[in-house]
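Observations on the three-dimensional arrangement
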Amino acid sequence: MFMTQLSGLLKRISEKEEFSIEDAGRLLAQALISEGTIYMKGFDEMAAIEMEAINGAETLGRVQSWSPSARLTEADRVLIASRFSDHDGAMELAKTLAAAGIPFAAISSKRDEGGIEELADAFIDMRLTKGLLPDDEGGRTGFPSSITGLFAYFLLKMTIEEIVREYK
């Protein structure tokens, strides 16, 4: 049952977020085309995206972990990933980037209240706000945020690579 629900969620992300993924891909590809760097920050379990991008089997060129000491230039871009779009740390970083005029994309799940999607230049909604399966106590279980985040990241990565190939 979990597999069925997860497959449906991944399909929805692929279909409903196609244009957002293309927008984010164009935004982040600008850094690679203009000799900038893509900085990444994954909060909590979403650090998996950051680790995959930097240490995975198929990394993008010129990707680094973001830290407060990073010296960003106008050629740089940032990708922020968090479970929910209203994550405190993600919002703080988004506000700092927006104030500095540094374009950034975000991957997270949007909730009712406004969040990072209002500040980001491109936003990919994971569409995951509760567990995928009902549990015995009337709640929900099976909240695969890192899986959906990595799925969205790989779609984004392939889009970036395609854009950079076409540019060359």
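These figures come from a predicted structure and were not determined experimentally.

1. Overview of the environment of Ala98
Relative to the helices and strands, Ala98 resides in helix α4 (residues 88–100). Each C-alpha atom, one on Ala98 and one on Arg71, is 15 Å from the other, the two residues being 27 residues apart in sequence.

2. Structural notes on helix α5 (residues 145–167)
Structural remark: α-helix, 3.6 residues per turn; residues separated by three or four positions point the same way. With 23 residues, α5 should cover 33 Å at 1.5 Å per step; its first-to-last C-alpha distance of 33 Å lies within 8% of that length. Looking only at α5, the buried set comprises Ser145, Thr148, Gly149, Ala152, Tyr153, Leu156, Lys157, Thr159, Ile160 and Val164.

3. Details of the side chain of Ser85
Secondary-structure assignment places Ser85 in the loop between β3 (77–84) and α4. Exposure remark for Ser85: the relative accessible area of 0% places this residue in the buried category. In this structure the side chain of Ser85 is engaged in a polar contact, spanning 2.9 Å, whose partner is the side chain of Glu117. When near neighbours in sequence (up to four residues on either side) are disregarded, Ser85 contacts Met91, Ser108, Ser109, Lys110, Arg111, Gly115, Ile116, Glu117 and Phe123.

4. Structural notes on the nonpolar core
Counting 26 residues, the largest nonpolar core has Ile38, Met40, Leu79, Ile107, Tyr153, Leu156 and Ile160 as its most contacted members. Sorting the residues of this core by element identifies α2 (18–33), β1 (38–42), α3 (47–55), β3, β4 (104–109), β5 (122–125) and α5 as the ones contributing at least two each. The element that contributes the greatest number of residues to this core is α2, accounting for seven residues. When near neighbours in sequence (up to four residues on either side) are disregarded, Leu156 contacts Ile21, Ala24, Gly25, Leu28, Leu79, Ile107 and Ile124. Phe43, Ile102, Phe104 and Ala106 belong to the second-largest nonpolar core, a separate cluster that totals 16 residues.

5. Things to note about the environment of Ser7
Here Ser7 shows up in helix α1 (residues 2–16). Note: C-alpha distance between Ser7 and Gly115 (108 residues apart in sequence) is 26 Å.

6. Comments concerning the packing of α3 against α5
Following both chains from N to C, one finds α3 and α5 inclined at 40 degrees, their axes separated by 9 Å at the closest point. Viewed along their axes, α3 and α5 form a crossing whose handedness is right-handed. When α3 is examined against α5, the residues Ala48, Ile49, Glu52 and Ala53 are found in contact with a partner set consisting of Gly149, Leu150, Tyr153 and Phe154. When its residues are assigned to classes, the contact of α3 with α5 shows six nonpolar, one polar and one charged.

Conventions we followed
All residue numbers here refer to positions counted from 1 along the written sequence of the relevant chain. Where local features are concerned, this predicted model is filtered to residues with pLDDT of at least 70; where side-chain atom pairs are given and counted, the filter is 80 or more; whole-chain, interface and lining totals use all residues. Computation of side-chain values: all heavy atoms of the structure, hydrogens and water removed. Helix and strand assignments come from DSSP, with helices taken as H or I runs of at least 4 residues and strands as E runs of at least 2, each series counted from the N terminus. Expected helix span is given by 1.5 Å per residue-to-residue step, counting one fewer step than there are residues. Working definition: with a 1.4 Å probe on protein chains only, accessible area under 20% of the residue-type maximum means buried, over 50% means exposed, and in between means partly exposed. We define a polar contact as two N or O atoms separated by no more than 3.5 Å, with the added condition that, inside protein, one atom must be a possible hydrogen donor and the other a possible acceptor, whereas residues neighbouring each other in sequence contribute only through side-chain atom pairs. Should any heavy atoms of two residues lie within 4.5 Å, those residues are considered in contact. To qualify as a nonpolar core, a set must consist of buried Ala, Val, Leu, Ile, Met, Phe, Trp, Tyr and Cys residues joined through side-chain atoms within 4.5 Å. Here an axis means a line fitted to C-alpha atoms, over the contact stretch when the element is a helix, while the angle between two N-to-C directions is reported on a 0 to 180 degree scale. With the far helix as reference, a near helix turned anticlockwise by less than a right angle produces a left-handed crossing, and one turned clockwise produces a right-handed crossing. Each residue is assigned to one class: nonpolar for Ala, Val, Leu, Ile, Met, Phe, Trp, Tyr, Cys and Pro, charged for Asp, Glu, Lys and Arg, and polar for all the others, Gly among them.

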